[in-house]
Amino acid sequence: FFLIVMDLPIKIVLPWWRKIMFGVGGYGNGILRSVMGIFQMAFLLEVAQLSWEWTATILVTEQVCDAFFDIIVGFFSDNFPTRFGRRKPWI
């Protein structure tokens, strides 16, 4: 990882434990999304009695839309100044 200060590259070395801690922050969200996906798939297959083709189409479409709209919301969040700050209106 390089940081450029006044046109001089400065190499920043993160210790291994800090890299692990950055990764651990995503576990809660990852576990929650996995559990919700399993229950959603079970609901669509067993309760709604959709075929596996429709279930797969719904779940893949959900992920593609999420990836697309994350970019759009991120752009607006980065370029939306208010008196409360850039991020507050989007929370």
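Computed from a prediction, not measured in an experiment: that's the story for all the values here.

A.B. asks: Residues and numbers for a nonpolar patch on the surface, please.
C.D. replies: A grouping of Trp 16, Trp 17, Ile 20, Met 21, Val 24, Tyr 27, Ile 31, Val 35 and Phe 39 is seen on the molecular surface, where their side chains present a nonpolar patch of about 1000 Å² in accessible area. Residue assignment for the nonpolar patch shows that the elements contributing at least two residues are helix H1 (16-24) and helix H2 (27-47). Broken down by element, the nonpolar patch gets its largest block of residues, 5 residues, from H1. Checked against the element boundaries, Ile 20 lands in helix H1.

A.B. asks: Tell me about the side chain of Thr 55, and name the residues and values.
C.D. replies: For Thr 55, the position within the fold is in helix H3 (residues 52-78). Separated by 3.0 Å, the side chain of Thr 55 and the backbone oxygen of Ser 51 make a polar contact. Apart from the residues within four sequence positions on either side, Thr 55 is in contact with Met 41, Leu 44, Leu 45 and Leu 50.

A.B. asks: Residue-level account of the pattern of salt bridges, with values.
C.D. replies: It is possible for side chains of opposite charge to pair when their charged atoms get near one another. Inspection of the entire model under this criterion finds 2 salt bridges. Of the charged contacts in the structure, one is a salt bridge between Arg 33 and Asp 66, with a shortest N-O distance of 3.7 Å. Placement of the pair is Arg 33 in helix H2 and Asp 66 in helix H3, with a sequence separation of 33 residues. Residue class for Arg 33 comes out partly exposed when judged on its relative accessible area of 41%. Judged by relative accessible area, which is 30%, Asp 66 ranks as partly exposed. Where Arg 87 meets Asp 78, a salt bridge forms, and the shortest distance between an N and an O atom there is 2.8 Å.

About the cut-offs
- Residues numbered from 1 in each chain as written.
- Predicted model: local features only at pLDDT ≥ 70, side-chain atom pairs only at ≥ 80, totals over all residues.
- Heavy atoms only, no water.
- Patch = residues over 30% accessible without salt bridge, like charges linked within 9 Å, V, L, I, M, F, W, Y side chains within 5 Å.
- Areas by Shrake-Rupley, 256 points an atom, 1.4 Å probe, with all protein chains shown as cover.
- Salt bridge = Lys/Arg side-chain N within 4 Å of Asp/Glu carboxyl O.
- Helix = DSSP H or I, 4+ residues; strand = E, 2+ residues; numbered from the N terminus.
- Polar contact = N/O pair within 3.5 Å; in protein donor to acceptor, adjacent residues only side chain to side chain.
- Contact = heavy atoms within 4.5 Å.
- Buried < 20%, exposed > 50% of the residue type's maximum accessible area, 1.4 Å probe, protein only.

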